[in-house]
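Here are the chains, one letter per residue:
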Amino acid sequence: MLKDITLGQFFPGDTVVHRLDPRSKLIVMIMYITGLFMAKGFPAYGFMFAVLVTCLAISKIKPAAVLRGLRPILIIICLTVLLNIFFIRGETVLFQYYSIVITLEGVYTAIFMAMRLIMLIVCTFLLTYTTSPITLTDGLERMLSPLKKIKLPVHEFSMMMSIALRMIPTLIEETDKIMSAQKSRGADFETGGLIKRAKAILPLIIPLFISAFRRADELATAMESRCYHGGDGRTKLNVLRFSGIDFAAFLFGACVIAAVIFLGRFAV
């Protein structure tokens, strides 16, 4: 299950999506998320799904990688669906047994919430899959640069987010190694009830924390040995500049939002 978590991984490529400026990707992703929250009805959600599939196809990200990344959150998606089905009340009753009532409106809401959650997560995956952590840091810093005027540590904030994303696959790999070592000593993480599994995970926490702190200390030492002192006076090896495909991406995002508003008129 741990190997299924793909958030933070970067898949190098030379597609249009990979060549986009990181600021463009962030802005278009925000526009896509805005369109998701504005979507109403099956036509709008179907259109947003088609847009996402098209972007994945253009970026040449394998569907298996996306599906593998969705596996760890299936429980959250199923829980969201069940809560909406049983707690959303409507006029068209499909099933009723004492206080348990399932309505057509609740089923629709559950479907839309599941679709929205899945597409939100896949959209985030697409950003991290096609953008290296260093490039993403530069993009975040440039986008948040106006906040420097009010003395906010924009560079440090961007650096922390980049390091956090980069460390996710590393910590997952480290956890998998610790689990394998514990299994070789007779530990059982897969059988028993919920309480037993929770107790079995406890021996993983201390080694994982020690490993995380050790890696953080090594990273801090490496940055200090290279005279890292924050963003003041630093220059960039690759200066970010918008190109024609970036403006085309902005236009594409605006068209997506306009199409969602139009398709919302046909909501059931």
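Before any of the text, the structure's been laid out above.
Residues numbered from 1 in each chain as written. Predicted model: local features only at pLDDT ≥ 70, side-chain atom pairs only at ≥ 80, totals over all residues. Heavy atoms only, no water.

**Things to note about the pattern of salt bridges**
This model, assessed by the stated rule, comprises three salt bridges. For aspartate 21, the salt bridge is made with arginine 23, and the minimal N-O distance between the two is 2.9 Å. The class of arginine 23 is buried, set by a relative accessible area of 8%. Residue glutamate 174 pairs with arginine 215 through a salt bridge whose shortest N-O separation is 3.1 Å. You can see glutamate 174 sitting in helix H8 (residues 154–184) and its partner arginine 215 sitting in helix H9 (residues 194–225), a full 41 residues away along the chain. Residue glutamate 174 is classed as buried on the basis of its relative accessible area of 13%. (Salt bridge = Lys/Arg side-chain N within 4 Å of Asp/Glu carboxyl O. Buried < 20%, exposed > 50% of the residue type's maximum accessible area, 1.4 Å probe, protein only. Helix = DSSP H or I, 4+ residues; strand = E, 2+ residues; numbered from the N terminus.)

**Things to note about the nonpolar core**
In terms of nonpolar packing, the biggest core is built from 33 residues, with Tyr32, Met48, Val66, Leu70 and Met119 touching the most fellow members. Residue assignment for this core shows that the elements contributing at least two residues are helix H2 (22–38), helix H3 (41–59), helix H4 (63–70), helix H6 (104–130), helix H7 (133–143) and helix H10 (244–263). At eleven residues, the largest contribution of residues to this core is made by H6. The residues touching methionine 119, leaving out its near neighbours within four places in the chain, are Tyr32, Leu36, Tyr45, Met48, Phe49 and Leu52. (Core = buried A, V, L, I, M, F, W, Y, C linked by side-chain atoms within 4.5 Å. Contact = heavy atoms within 4.5 Å.)

**Topic: unusual backbone geometry**
Even without being a glycine, lysine 60 presents a positive backbone phi close to 60°. Mapped onto the fold, lysine 60 is located in the loop between H3 and H4. According to the relative accessible area criterion, lysine 60 is exposed, its value standing at 67%.

**Some details on the side chain of threonine 131**
Locating threonine 131 in the fold gives a position in the loop between H6 and H7. Only 3.1 Å separates the side chain of threonine 131 from the side chain of lysine 25, close enough to count as a polar contact. Setting aside anything within four residues of it in sequence, one finds threonine 131 in contact with Phe10, Pro22, Lys25 and Leu136. (Polar contact = N/O pair within 3.5 Å; in protein donor to acceptor, adjacent residues only side chain to side chain.)

**Overview of the packing of H2 against H6**
Two numbers describe how H2 lies on H6: the axes approach to 10 Å, and their chain directions differ by 175°. When the axes of H2 and H6 are compared, the pair comes out roughly antiparallel. Contacts between H2 and H6 involve Lys25, Leu26, Met29, Tyr32, Ile33, Leu36 and Phe37 from the first element and Arg116, Met119, Leu120, Cys123, Thr124, Leu127 and Thr130 from the second. Split into classes, the residues belonging to the contact of H2 with H6 amount to ten nonpolar, two polar and two charged. (Axes fitted to C-alpha atoms, helices over the stretch in contact; angles between N-to-C directions. Parallel < 35°, antiparallel > 145°, perpendicular 65-115°, else oblique. Nonpolar A, V, L, I, M, F, W, Y, C, P; charged D, E, K, R; others polar.)

**So, the state of the cysteines**
A complete count under the given rule lists zero disulfides for this structure. Free cysteine: cysteine 123, not disulfide-bonded; nearest cysteine sulfur from cysteine 55 at 8.2 Å. (Disulfide = S-S within 2.5 Å.)

**Re the side chain of serine 24**
Position of serine 24 relative to the elements: it lies in helix H2. With a relative accessible area of 0%, serine 24 lands in the buried category. Apart from the residues within four sequence positions on either side, serine 24 is in contact with Phe242, Asp246 and Phe250.

**Notes on the packing of aromatic side chains**
Under the criterion given, the structure shown has nine aromatic pairs. Geometrically, the ring pair formed by phenylalanine 209 and phenylalanine 213 is tilted, given 6.2 Å between the ring centres and 40° between the ring planes. Linking phenylalanine 209 with phenylalanine 213, this pair stays in helix H9, spanning four residues, or about one helical turn. A cation over an aromatic ring shows up here: arginine 23 above the ring of phenylalanine 242, its NZ or CZ 4.1 Å from the ring centre. (Phe/Tyr/Trp six-rings, centres within 6.5 Å; stacked < 30°, edge-to-face > 60°. Lys NZ or Arg CZ within 6 Å of the ring centre and 35° of its normal.)

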